[in-house]
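Fold and geometry: a report
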Amino acid sequence: MKFAVAFVCLVVSAVVAVPLPNKDAQIVRFDNDHKGIDGYSYQVETSNGIQQQETAELRSFGDDNAAIVVRGSYSFTADDGQVYTVNYIADENGFQPEAPHLPKA
């Protein structure tokens, strides 16, 4: 159950984070490998240039502690014509995005 909740939260956050420059975009590539409770990986690309890839694996943090650790990236072309890419990891330290255009703490 925890895996399903984490997966849904990650997918929703990724969809919300990516702007929609073309509402008529079509999916031109989708690869998916579901590994059950041990994790998953996928890649998706749309006709308007949005790309996303993500991998997740179950990692043990002790006797009774385990969590899904996610690594991925997405890129899109903004209204200014520039392609922006965000790389991220979500693990025991939370969601950690990295990109030159993001403000630093």
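Preceding block: the structure.
Figured I'd write up the structure that's included with this text. (Residues numbered from 1 in each chain as written. Predicted model: local features only at pLDDT ≥ 70, side-chain atom pairs only at ≥ 80, totals over all residues. Heavy atoms only, no water.)

Points about the side chain of Asp91
The condition that has to hold: By the criteria applied, helices consist of DSSP H or I runs no shorter than four residues and strands consist of E runs no shorter than two, each listed in order from the N terminus. Under the rule applied, a polar contact is a pair of N or O atoms within 3.5 Å (in protein, one hydrogen donor and one hydrogen acceptor; residues adjacent in sequence only if both atoms are side-chain atoms).
The topology assignment puts Asp91 in strand 5 (residues 83-91). In this structure the side chain of Asp91 is engaged in a polar contact, spanning 2.8 Å, whose partner is the backbone nitrogen of Asn93.

Considerations on the nonpolar core
Stated formally: We define a nonpolar core as any set of buried Ala, Val, Leu, Ile, Met, Phe, Trp, Tyr and Cys residues linked to one another through side-chain atoms lying within 4.5 Å. We call a residue buried when its accessible area falls under 20% of the maximum for its residue type, exposed when it is over 50%, and partly exposed in between, using a 1.4 Å probe and counting protein chains only.
Of all hydrophobic cores here, the largest spans 14 residues; its most connected members are Tyr40, Ala56, Val70, Tyr74 and Phe76. Elements with a contribution of two residues or more to this core: strand 2 (39-46), strand 4 (66-77) and strand 5.

Looking at the pairing of strand 3 (residues 51-60)
Using the following cut-off: For two strands to count as paired, DSSP must find a minimum of two bridges between them.
Relative to strand 3, strand 2 runs antiparallel, the two sharing seven bridges. From the neighbouring strand, Glu45 faces strand 3, where its bridge partner is Gln51. Hairpin connection, strand 2 to strand 3: the antiparallel pair is bridged by four residues, and Gly49 has positive phi, about 95°. Where strand 3 and strand 4 come together, ten bridges link them in antiparallel fashion. Each bridged residue has a counterpart across the sheet, and for Ala56 the counterpart in strand 4 is Val70. Two successive antiparallel strands, strand 3 and strand 4, enclose a turn made up of five residues, where Gly62 displays a positive phi of approximately 140°.

Digging into the sheet that holds strand 6 (residues 94-98)
One key point about sheets: their strands pair by backbone hydrogen bonds, in either a parallel or an antiparallel sense. The criterion, for reference: Helix axes use the C-alpha atoms of the stretch in contact, all axes being lines fitted to C-alpha atoms, and the angles between their N-to-C directions lie in the range 0 to 180 degrees.
Taken together, the six strands give an open sheet; going across it, the order is 1-2-3-4-5-6, and neighbouring strands pair in antiparallel fashion. A single partner strand is all that each edge strand has here, and the edge strands are strand 1 (27-34) and strand 6. Adjacent strand axes in the sheet meet at a mean angle of 10°, parallel and antiparallel pairs treated alike.

Focus: the pairing of strand 1
Within strand 1, only zero of the eight residues are buried, which leaves the element largely exposed. As paired strands, strand 1 and strand 2 are joined by seven bridges and run antiparallel to one another. Of the residues in strand 2, the one forming a bridge with Asp31 is Gln43.

Some words on the pattern of salt bridges
Here is the rule: Every case where a carboxyl oxygen of Asp or Glu lies within 4 Å of a side-chain nitrogen of Lys or Arg is listed as a salt bridge.
This model, assessed by the stated rule, comprises three salt bridges. Of the charged contacts, one joins Arg29 and Asp31 as a salt bridge, the two residues approaching to 2.9 Å between their closest N and O atoms. The exposure class assigned to Asp31 is partly exposed, which follows from its relative accessible area of 36%. Across the pair Arg59 and Glu57 runs a salt bridge whose closest N-O atoms are separated by 3.9 Å. Assessed through its relative accessible area of 27%, Arg59 is described here as partly exposed. You can call Glu57 partly exposed: its relative accessible area is 43%.

Focus on the side chain of Ser75
Convention followed: Whether two residues touch is decided by their heavy atoms; if any such pair falls within 4.5 Å, the residues are in contact.
For Ser75, the position within the fold is in strand 4. Classification of Ser75 by relative accessible area gives buried; the value is 11%. Once residues within four sequence positions are removed from consideration, Ser75 is found in contact with Gly49, Ile50, Gln51, Val83, Tyr84 and Thr85.

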